[in-house]
Each structure stands twice: as C-alpha cells, then as structure tokens.
Amino acid sequence: IVPTNRPCIRRELANRVFGAAESRWSAVVEEICEVHATGRPVLVGTRSVRASEHLSELLTAEALDHQVLNAVRHAEEATIVSQAGQPARITVATNMAGRGTDIKLARGIAELGGLHVIATERHESGRVDRQLFGRCARQGDPGSSRAFVALEDELIERHISFVDKLIMRGYGGSAGELRARASRLFDHAQNRAQRMALRQRKGVLKTDTWFNEYL
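Residues numbered from 1 in each chain as written. Predicted model: local features only at pLDDT ≥ 70, side-chain atom pairs only at ≥ 80, totals over all residues. Heavy atoms only, no water.

Take the overall build of the chain next. Scanning the chain from N- to C-terminus turns up 8 helices and 7 strands. Burial analysis of the chain (215 residues in total) assigns 40% to the buried set. Surface summary for the chain: the accessible area is close to 12,200 Å², and the carbon and sulfur share equals 52%. (Helix = DSSP H or I, 4+ residues; strand = E, 2+ residues; numbered from the N terminus. Buried < 20%, exposed > 50% of the residue type's maximum accessible area, 1.4 Å probe, protein only. Areas by Shrake-Rupley, 256 points an atom, 1.4 Å probe, with all protein chains shown as cover.)

Glancing now at helix α1 (residues 21-37). Because an α-helix completes one turn every 3.6 residues, residues spaced three or four positions apart along the sequence face the same direction. The end-to-end C-alpha distance of α1 is 25 Å, a good match for the 24 Å that 17 residues give at a rise of 1.5 Å each. Restricting attention to buried positions, one finds in α1 the residues Ala-21, Arg-24, Trp-25, Ala-27, Val-28, Val-29, Glu-31, Ile-32 and Val-35. Buried positions along α1 lie against β2 (16-18), β3 (42-46), α2 (49-61), β5 (90-94), β6 (115-119) and β7 (143-150). Note on α1: the residue one or two positions beyond its end, Gly-39, has a positive phi of about 95°. (Expected span 1.5 Å × (residues − 1). Contact = heavy atoms within 4.5 Å.)

Right, let's talk about the environment of Thr-46 for a bit. In this structure, Thr-46 sits in strand β3. With residues up to four places along the chain from it excluded, the contact list for Thr-46 reads Ala-51, Ser-52, Val-92, Ala-93, Thr-94, Asn-95 and Thr-120. Among the polar contacts made by the side chain of Thr-46, one reaches the main-chain carbonyl oxygen of Ser-48 at a distance of 3.2 Å. (Polar contact = N/O pair within 3.5 Å; in protein donor to acceptor, adjacent residues only side chain to side chain.)

One pass over the full model with this rule turns up 10 salt bridges. In this structure, the salt-bridge partner of Arg-146 is Glu-31, at a minimum N-O distance of 3.1 Å. Placement of the pair is Arg-146 in strand β7 and Glu-31 in helix α1, with a sequence separation of 115 residues. Here the two residues Arg-146 and Glu-31 agree in accessibility, since each one is buried. With a closest N to O distance of 3.3 Å, Asp-102 and Lys-104 form a salt bridge. Members of the salt-bridge network, linked through shared partners, are Arg-47, Glu-121, Glu-124, Glu-154 and Arg-158. (Salt bridge = Lys/Arg side-chain N within 4 Å of Asp/Glu carboxyl O.)

With that settled, the discussion passes to the packing of α1 against α2. The contact between α1 and α2 brings their axes to 10 Å, and the two run at 55°. In terms of orientation, α1 and α2 fall into the oblique class. Of the two possible hands of crossing, α1 and α2 adopt the one that is right-handed. Side by side, α1 and α2 meet where Glu-22, Trp-25, Val-28, Val-29 and Ile-32 of the first sit next to Ala-51, His-54, Leu-55, Leu-58 and Leu-59 of the second. The residue inventory of the contact of α1 with α2, partitioned by class, reads 8 nonpolar, 1 polar and 1 charged. (Axes fitted to C-alpha atoms, helices over the stretch in contact; angles between N-to-C directions. Parallel < 35°, antiparallel > 145°, perpendicular 65-115°, else oblique. Left-handed = near helix turned anticlockwise from the far one by under 90°. Nonpolar A, V, L, I, M, F, W, Y, C, P; charged D, E, K, R; others polar.)

On to the side chain of Gln-190, then. Here Gln-190 lies in helix α8 (residues 175-214). A polar side-chain atom of Gln-190 sits 3.2 Å from a polar atom in the side chain of Arg-122. If we ignore the near neighbours within four places in the chain, the residues touching Gln-190 are Arg-122, His-123, Glu-124, Ser-125, Gly-126, Asp-129 and Leu-155.

Right, let's get into the pairing of β3. By the criterion of burial, β3 is predominantly enclosed, with 5 of the 5 residues buried. Of the two faces of β3, the one carrying Val-42, Val-44 and Thr-46 and the one carrying Leu-43 and Gly-45 are both buried. Strand direction decides the pairing type here: β3 and β5, joined by 5 bridges, are parallel. Looking at the pairing, Thr-46 lines up with Thr-94 of β5. (Pairing = 2+ DSSP bridges.)

Quick look at the structure:
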C-alpha cells in the first residue's frame, strides 16, 4: 500500500438502498437538489449512456442546469470535467468520461465541504467504484461520496439468485438493518462478478499460452 501524498478526509456516506430503480432516481435528484442549494459542486457517475441521459431528463424537469459527459468527445469532456469543482456545478458522467483529469476546487468550495460524488449504481468491479469516489477529496481537500443502489440493478440481476432477491425484498427490520443487509448483498454480488472476471482473464491467458507453445 502506497500512502497518499496528503491524508484523505473524504466522508463516505452510507449507501441508500431502494427496491425499485425509479425510486432510486428520484432520491438521486433529491440529493442533487439539496447539495446544489448549498453551493457545493456535484459529480454524478452512471454506468451507461442511457442512464446518464435519463438522469439528465430528470434534472431538466427540475430546471437544474448541468453538463452531461458520455465519453464521446474526449478533449472537450476533459475540459468540462476539470471545471466540475466550480460553485454549484452539476456534472453527470459515465465511467470513462473525462478519466485522468484532475478536478480542482474553486475558491471557497473547500469551506463548504468540497465536491460531492454520487454513484447511481454499483459496478461489477469495485475498482471502478473506488475510482469514481476518488475524484473528490484529492490532495487533502474535503469531499463526500454516496452510492444509490436498487434491487433491480444489473449487478444484482446477474449475480444474485432469485431466492436471495425474494428474501431481501420481503425483509423487514429497521432501516439500519435493511441497509446493512443490502450492503452485504451488493458486496457479495460484486465479489462474484470479480471472481468470474478473474476466471475469464485466466482462461484467455491459458489460451494465449497454448497458441504460443503449439503454433
């Protein structure tokens, strides 16, 4: 483990868990509005172009000015991402958009709490989630992050059994217990996805080795 240049003071807020995807999107817009009202900038990460466009429509309905980056115009998007730390700026970006561009906070933003990063879905690779959250609170700056997840997400649909999903949907308990159980469920799904990807990479390597040896 290589220590950071300056201590990381990012506030990683508790995940928010929803049964339906549309409920999740409503909550995301609500949080964007709350943070935007304080003057802090917000960076929202989405898994797909479709998701970014859907969120853009919801923000437009709320009359919120924002930028949408879909990793299509790389040079232009790098410039836009570099401005994501400006006051009250709302930036919606897919995973690849503006990657590698440092986001510097404008004057006075650190005193407000820094950049707030929202993940609208967990990814099959935990590394991608960490990269997104790592776009705030850089070089000792303040910042915060939160993930919004739904039981209808692709990660759950692909890597959690039907029985486990039924149990989760019918689970009672307090909000804290539900959040903890859902977090474990998403961690389990992510671990399964990462193990599957590892097996696939090993298979490709084995095939390449066979070709090199016998052809």
